[in-house]
Protein chains: 2
Amino acid sequence: MKSMGKPTINDVARLAGVSKKTVSRVINRSPLLNGETRAKVEKVIADIGYVPNVQARALALRRNFLVGLIHDNPNAQMVMNVQAGILEAIRDTEFELIVRPIDRGSSTMLADVKNFLERQRLYGVLILPPVSENDMLAEVCREIGCRYVRMGSTTLDTPEHMVASNDSEVVREAINHLISLGHTRIGLIAGPHGFRSARERRKGFEEAVAAAGIKLPRSLIADGNYTFETGLAAADRLLDLSPRPTAIFASNDEMAAASLHAARRRGMNVPDDLSIIGFDDTAIASHIWPPMTTVHWPIISMARSAALKLLADFFGDDLASEEPSMFPSTLIHRASVAPPRRD
Amino acid sequence: MKSMGKPTINDVARLAGVSKKTVSRVINRSPLLNGETRAKVEKVIADIGYVPNVQARALALRRNFLVGLIHDNPNAQMVMNVQAGILEAIRDTEFELIVRPIDRGSSTMLADVKNFLERQRLYGVLILPPVSENDMLAEVCREIGCRYVRMGSTTLDTPEHMVASNDSEVVREAINHLISLGHTRIGLIAGPHGFRSARERRKGFEEAVAAAGIKLPRSLIADGNYTFETGLAAADRLLDLSPRPTAIFASNDEMAAASLHAARRRGMNVPDDLSIIGFDDTAIASHIWPPMTTVHWPIISMARSAALKLLADFFGDDLASEEPSMFPSTLIHRASVAPPRRD
DNA sequence: TTGTATGCGTTATCAC
DNA sequence: GTGATAACGCATACAA
């Protein structure tokens, strides 16, 4: 009896009276296999509790059954949501999730990622914004032959490599809502330059304002960095203006929460003295007081779908490859918006 | 020239005129090696850009260079913080992080984890609360021979397998602070039964109240589940009481934020009508208005330290094994606490 | 449909 | 100190 330790494919083959290759075929669901043989092998596998060795398999296949998540410090809640979506997609499969944060400013970023992908030989990677907007990164994946799917705020790649939302459109809708309520002095807290999502959201804002024939002084646009602190500074700049804006659209929830914070710090009332709309619909939006009107960004669904796309040829194309590539965001009405106060 | 694709250990051996094993010794820093031979091999490695194949290595060593994170749905911010801490510890090493959420109610949980560990052959795993409190899980790790470090709110294991905080102690301090301000009707929103952290925090609360000679009607303790929604319900129950509590200690920030939400929904003012203290010091605590007094739980440091402990024998014991096992939490004073209003 | 021989790239054994 | 050879456990090519 050589069956020390964990049973291997050899043990199964010996006990079932077949060759290793046959066992291998059973495991990999080869279609051309006698039903009886298959049943016999499967019984042995179940009996002795055989589990294929992933390392050996990875070596032979030159490929791991790991899904990578590449991201560059967007906010915590978003990364968690994405992870939740991916994990939902790979639940009950043999895939596992490996997390890889990178430093988008770093000059060695591309080389780092390349190194990472070559070393780990992942089955595929999901790339989050904002790094997902970097075309060279996608090019690296293609070069190496690593599957990839990018997430973003607008279409960046072909459908099988992309899952996107329609940010500019939904922001237009949000701003129109403010305008229809009577707001004309609306401030924008923009996201960081270079972020496609920031550009798209700003574009939607500017288009809506322009379409309504409202002229937009440059001072009503304050730059933020998607963080609470920069949001606070931007909101303060906006609220120092005279006349003050009666509404603020912040390019993400953190900065929107910061606007609320800044307003209340000055003793202002939301929404009576100031209406606020955020973007993302993260937990904080519904947890703060008053509950905040915001754009629901279907990040979990997007991530799940992206993961399914990534695994399309594993699942056999039928389902996964038909995953949608566009996920419309929607405006969620809560309590941080009201008509402007009559002066 | 057989050097297609990526260079292997064979290429290095051939070019350097030595055997594979010698190259292997260089890679693994074997002490018994001629300095000249080593230099020669290292030059070739650098010249052709050889990188060891992790899959082959994993197969031969029966062990991967992966660190696992096992957790069961604590809040998002906490998981992200832990990931940040781990990633900080393994930055610039060959280790990668693999994330594994599990279902603590599931009857197959232990088997699932065992399966996961046996399949992936991780270098080690970090276990987050509340599952970290499950001794059988640790036993599974030991059985399999997988390194592990548990995180928790009190000592659960030997120092090399444990990183803990002193929850009951710091909660006592927090409650004493309320009492010193003149509060005598203090409500507790407890965490879920079965969570050690919940028990520790409740213990600290009860001890402080008892020590001050305050009698604690059962009605002043409301059960929550560490989620915003259950916090909301618990806070409502507390605020429906007559007389109302003048202060609430919530066992985590989410429930504390919910208490603030509930109070403001009734038109109450925080801290004038109600003082609130939370636990964790997650982002929401400082982002909401008023900024919330809470207990800072040094989760990132704990996670980093836990990861270093896990990698202790890889790094060579000197540094990592001296990582502290106890991380004291501290009370952060912000604006959600004030003396009780005179009736 | 099934079996045989061989490769994947590393580490371990045990000689020299 | 160093090298030949055998694991490690699975998949692929090609035969049968």
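For the structure, check the block above.
As the structure is a computational prediction, the values presented were derived from the model and not from experiment.

Rules used throughout
Residues numbered from 1 in each chain as written. Chains lettered and ligands numbered in written order. Predicted model: local features only at pLDDT ≥ 70, side-chain atom pairs only at ≥ 80, totals over all residues. Heavy atoms only, no water. Near = heavy atom within 4 Å. Polar contact = N/O pair within 3.5 Å; in protein donor to acceptor, adjacent residues only side chain to side chain. Helix = DSSP H or I, 4+ residues; strand = E, 2+ residues; numbered from the N terminus. Nonpolar A, V, L, I, M, F, W, Y, C, P; charged D, E, K, R; others polar. Buried < 20%, exposed > 50% of the residue type's maximum accessible area, 1.4 Å probe, protein only. Contact = heavy atoms within 4.5 Å. Pairing = 2+ DSSP bridges. Axes fitted to C-alpha atoms, helices over the stretch in contact; angles between N-to-C directions.

1. Examining the protein's contact with DNA strand D
Right, on to step 1. Near DNA strand D you find 26 residues, and of these Ile9, Lys21 and Tyr50 of chain A together with Thr22 and Thr37 of chain B are the closest.
Right, on to step 2. Atoms of DNA strand D within 4 Å of the protein belong to the sugar or the phosphate in 63% of instances, the rest to bases.
Right, on to step 3. Measuring from a base oxygen of DNA strand D, one finds a side-chain N or O atom of Arg25 of chain B at 2.9 Å.
Right, on to step 4. At 2.4 Å from a phosphate oxygen of DNA strand D is found a side-chain nitrogen or oxygen belonging to Thr37 of chain B.
Right, on to step 5. Mapped onto the surface near DNA strand D, the elements with two or more residues apiece are helix 2 (20-27) and helix 4 (54-61) of chain A together with helix 2 (20-27) and helix 4 (54-61) of chain B.
Right, on to step 6. Split by residue class, the surface near DNA strand D holds ten nonpolar, nine polar and seven charged.

2. Here we look at the protein's contact with DNA strand C
Right, on to step 1. Neighbouring DNA strand C are 26 residues, the closest being Thr22 and Thr37 of chain A together with Ile9, Lys20 and Tyr50 of chain B.
Right, on to step 2. For DNA strand C, the fraction of protein-proximal atoms (within 4 Å) that sit in sugar or phosphate groups is 59%.
Right, on to step 3. Here a phosphate oxygen of DNA strand C and a side-chain polar atom of Thr22 of chain A are 2.5 Å apart.
Right, on to step 4. At 2.3 Å, a side-chain N or O of Thr37 of chain A approaches a phosphate oxygen of DNA strand C.
Right, on to step 5. At the level of secondary structure, the elements contributing two or more residues to the surface near DNA strand C comprise helix 2 and helix 4 of chain A together with helix 2 and helix 4 of chain B.
Right, on to step 6. With five residues, the single largest contributor to the surface near DNA strand C is helix 4 of chain B.
Right, on to step 7. Broken down by class, the residue content of the surface near DNA strand C amounts to twelve nonpolar, eight polar and six charged.

3. Focus: the environment of Ala250 of chain B
All names here are of chain B.
Right, on to step 1. Topologically, Ala250 is positioned in strand 8 (residues 247-250).
Right, on to step 2. Owing to a relative accessible area of 0%, Ala250 belongs among the buried residues under this scheme.
Right, on to step 3. Along the sequence, Ala250 and Ile277 sit 27 residues apart, while their C-alpha atoms lie 6.3 Å from each other.
Right, on to step 4. If we skip the residues at most four places from it in the chain, Ala250 touches Ile189, Met255, Ala256, Ile277, Gly278 and Phe279.

4. With respect to the sheet that holds strand 2 (residues 96-101) of chain A
Strands pair in a sheet through their backbones, by hydrogen bonds, and they do so in one of two ways: parallel or antiparallel.
Right, on to step 1. The strand order across the open sheet built from twelve strands is 11(A)-5(A)-4(A)-3(A)-1(A)-2(A)-2(B)-1(B)-3(B)-4(B)-5(B)-11(B), with neighbouring strands paired in mixed fashion. Of all the strands in the sheet, just strand 11 (326-327) of chain A together with strand 11 (326-327) of chain B have a single pairing partner and so form its edges.
Right, on to step 2. Examined bridge by bridge, strand 1 (residues 66-71) of chain B and strand 2 (residues 96-101) of chain B share six bridges and lie parallel to one another. Bridging across to strand 2 of chain B, Leu66 of chain B finds its partner in Glu96 of chain B.
Right, on to step 3. The strands touched by helix 7 (residues 135-144) of chain A within the sheet are strand 3 (124-127) and strand 4 (147-152) of chain A, with strand 4 of chain A carrying the most contacts at an inclination of about 160°.

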